Amino acid sequence: MRTAYSVDVVRAAERDLMARLPEGALMQRAAAGLAVACAELLGRVYGSRVVLLVGSGDNGGDALYAGARLARRGAGVRAVLLSPDRAHAGGLAALRAAGGRVSGDALADIERADLVVDGIVGIGGTGGLRPEAARLAEAARQSLVVSVDLPSGVDADTGEVAGEAVRADATVTFGAYKPGLLIDPAREYAGALRLVDIGLELPGDATAEALQYADVAELLPRPTAESDKYRRGVVGVVAGSARYPGAAVLAVSGALRGGAGAVRYVGPAADAVLAQFPETLVHAGPPSKAGRVQSWVIGPGIGDDGDAMADVLDSDVPVLVDADGLRFLDPARVRGRGAPTLLTPHAGEAAALLGTDRADVEASRLRSVRELAERYGATALLKGSTTLVADPAGGPVRANPTGTGWLATAGSGDVLSGLTGSLLATGLPAREAAAVGAYLHGLAARLAATPDGAPILATDVAGALGAAWRDVSRH
């Protein structure tokens, strides 16, 4: 599990640790880890050209001390001081003692660099980069860029990017992940992540977390020797219409691969569903007459069928609401349910639910998913470049690490709905089902993507879910 903590929590842990260590020891630990990561990215340190973009605080000090270590191994290191009078004195002295120099021509040095180290702004920075720093950051994009702790210009706590920011190829972060490293739009700026353990003792109240292979493998439902199709769970799917029969087919395709023992389909697209998946149990409706289920999925392609929505919300089992179904939601009605509800909007649908605009949701994804969960008293899965899951009871927001642009294709959300609803039917709590479903969905898209970059379809994603399940199980 990658666990991310707020700036305040990290700084409190740093203060506690520094009180027990010799002065400067914590910064040396961070600089050592940063230098190792830079050396690995360079491949060959001796003779390489490294430029440090150095701001005024400890972030710049980390870069300077790491630069000193690289200089001692034979790298030509130049430091660009954005605030010369406020540069970290000890770090600058160490760099000079190791043979490093202060740059006399920043743009020329950056142009020749093999590696640029971004130490402009630390985790306490707010807002975008100032013009001079932004100019240097733009110039550095032609080189390999490593950010210290997080890319300068992004918000560590929220993942928001309010202006110009450094785009890193890799980010070396210290002690703990920060939420902005897991959540877009900031995650897109961070590149590959490396965590350097500097000995922090952190509390349990994380802000965000991201499941890894082992976490997902532990949560996957598996049948036992005593299982039958009903004991494994039955998921009901209310999807599709005369206009959108394909939505039903895609939702059922995901549901059949989500671990439940059977799928009941209710709606007008039964012929299309059976043609593709003859194992599906079909019923004309209403949902309450279709037979016992352990969860419902409703919404993909249903059009204006509000009666079915009311029927499903009256049930006593977990309900996943997606797509068209989201238009019929009343917060009080959802909050009054005795069983869990899981909402799975994309940014545009979330904006409608929150009464705001799509751009606001996309810029403030962490705030938006928390607000959805709180307003509706439901688990909220906000789809997007980093899919986020928030629980109405609070706790860390789950950020999915397997997202890929290949999922930006018609119908892929219908597959996710069916898959996640099926996981609900197996007995997984809504928060876990949402996180596991998003993980498998993203992984399936990655596995379906072809080496030559040819486009993939939602049906390809559904077809790769079995391979994604096996891939996770092996870990």
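Quick caveat: nothing in here was measured; it's all calculated off a predicted structure.

Basis of the calculations
- All residue numbers refer to positions counted from 1 along the written sequence of the respective chain.
- Local features in this predicted model are restricted to residues of pLDDT 70 or higher, and side-chain atom pairs are both shown and tallied only at a pLDDT of 80 or more, whereas totals for entire chains, interfaces and linings draw on every residue.
- Just so you know, side-chain values use all the structure's heavy atoms and leave hydrogens and water out.
- Runs of E in the DSSP output that reach at least two residues are strands. Runs of H or I that reach at least four are helices, and both are numbered from the N terminus.
- The size measure is the radius of gyration over C-alpha atoms, and the globule rule it meets is 2.2 Å times the number of residues to the 0.38 power.
- Buried means the residue's accessible area, taken with a 1.4 Å probe over protein chains only, is under 20% of the maximum for its type, while exposed means over 50%, and partly exposed covers the values in between.
- Contacts are residue-level and defined by heavy atoms, with any inter-residue pair within 4.5 Å sufficient.
- Using a 1.4 Å probe, the Shrake-Rupley method yields the accessible areas, and only the shown protein chains count as cover for residues.
- Counting rule applied: Lys, Arg positive; Asp, Glu negative; His and chain ends not counted.
- Charge coordinates come from a single atom per side chain, which is NZ of Lys, CZ of Arg, CG of Asp or CD of Glu.
- UniProt positions are given in the numbering used here, feature names are shortened, and annotations may be inferred rather than shown by experiment.
- When DSSP finds at least two bridges between two strands, those strands are taken to pair.
- Between the N-to-C directions of two axes lies an angle of 0 to 180 degrees, each axis being a line fitted to C-alpha atoms and, for a helix, fitted only over the stretch in contact.
- For our purposes a nonpolar core is just a set of buried Ala, Val, Leu, Ile, Met, Phe, Trp, Tyr and Cys residues, chained together by side-chain atoms within 4.5 Å.
- In this document the domain limits rely on a domain assignment from an automatic tool or a database.
- Both cavities and pockets are sets of points on a 1 Å grid over the protein atoms alone; in a cavity a 1.4 Å probe fits but cannot get out, in a pocket the set is open with protein on both sides within 12 Å along at least five of seven lines, and lining residues sit with an atom within 4 Å of a point.
- Grid points are joined across faces, edges and corners, and a volume is the space filled by probe spheres set on the points.
- Put simply, Ala, Val, Leu, Ile, Met, Phe, Trp, Tyr, Cys and Pro go in the nonpolar bin, Asp, Glu, Lys and Arg in the charged bin, and everything else, Gly too, in the polar bin.

**Remarks on the overall build of the protein**
Link 1 in the chain: Within the protein one finds 20 helices and 18 strands.
Link 2 in the chain: The C-alpha atoms of the protein give 25 Å as radius of gyration, which agrees with the globular expectation for 475 residues (23 Å, within 12%).
Link 3 in the chain: With the C-alpha coordinates aligned to their principal axes, the bounding extent of the protein is approximately 80 × 45 × 45 Å.
Link 4 in the chain: Per-residue burial over the protein gives 56% buried out of 475 residues.
Link 5 in the chain: Counted over contacts in the protein with a minimum sequence separation of 6, partners at least 24 positions apart contribute 68%.
Link 6 in the chain: Of the roughly 19400 Å² of accessible surface on the protein, a fraction of 48% belongs to carbon and sulfur atoms.
Link 7 in the chain: The positive charge centre, built from 46 side chains, and the negative charge centre, built from 54, are 4 Å apart in the protein.

**Concerning the environment of Glu201**
Link 1 in the chain: When you line up the elements, Glu201 lands in the loop between β8 (192-196) and β9 (208-210).
Link 2 in the chain: The contacts of Glu201, once residues within four sequence positions are left out, are Ala13 and Arg20.

**A few points about the UniProt feature "domain: YjeF C-terminal" (unreviewed entry) in the protein**
Link 1 in the chain: UniProt records the feature "domain: YjeF C-terminal" (unreviewed entry) for residues 212-472 in the present numbering.
Link 2 in the chain: Strand forms 13% of residues 212-472 and helix 43%; the C-alpha atoms that close the span are 9 Å apart.

**Regarding the sheet that holds strand β10 (residues 234-238)**
Link 1 in the chain: One open sheet accounts for 11 strands, arranged β1-β9-β18-β17-β16-β15-β14-β13-β10-β11-β12; its pairing is mixed. Of all strands in the sheet, those bounded by a partner on one side alone are β1 (2-4) and β12 (281-283). Taken pair by pair, the neighbouring strands of this sheet meet at an average axis angle of 20 degrees, ignoring direction.
Link 2 in the chain: Sheet topology places strand β16 (residues 379-382) next to strand β17 (residues 388-390); 3 bridges connect them, and they run antiparallel. Considered in β17, the bridge of Leu382 is made with Leu388.

**A look at the nonpolar core**
Link 1 in the chain: If you look at the biggest cluster of nonpolar residues, it comprises 101 residues, and the most contacted ones within it are Leu34, Val50, Leu52, Val117, Trp296 and Ile298.
Link 2 in the chain: If one sorts the elements of this core by residue count, helix α2 (residues 25-42) sits on top with 10 residues.
Link 3 in the chain: Both domain 1 (2-209) and domain 2 (213-473) contribute no fewer than three residues apiece to this core.
Link 4 in the chain: Setting aside residues no more than four positions away along its own chain, Val50 makes contact with Leu42, Leu70, Ala75, Gly76, Val77, Arg78, Leu115 and Val117.

**Section: the layout of surface pockets**
With a probe scaled to a water molecule rolled over the atoms, the places where space remains empty come into view.
Link 1 in the chain: Estimated volume of the largest pocket: approximately 1000 Å³.
Link 2 in the chain: At the level of elements, α1 (7-18), α2, α3 (58-72) and α6 (131-140) are the ones that each hand at least two residues to the lining of the largest pocket.
Link 3 in the chain: Here the lining of the largest pocket gets 5 residues from one element, more than from any other, and that element is α2.
Link 4 in the chain: Its residues assigned to classes, the lining of the largest pocket comprises 17 nonpolar, 15 polar and 10 charged.
Link 5 in the chain: In terms of lining, the second largest pocket is formed by 31 residues, of which the most central are His346, Lys383, Gly384, Leu407 and Ser412.
Link 6 in the chain: Listing elements by their share of the lining of the second largest pocket, those giving two or more residues are α10 (245-256), α14 (347-354), α15 (358-363), α17 (412-425) and α18 (430-448).
Link 7 in the chain: Here the element with the most residues in the lining of the second largest pocket is α17; it accounts for 4 residues.
Link 8 in the chain: Split into classes, the residues belonging to the lining of the second largest pocket amount to 9 nonpolar, 15 polar and 7 charged.

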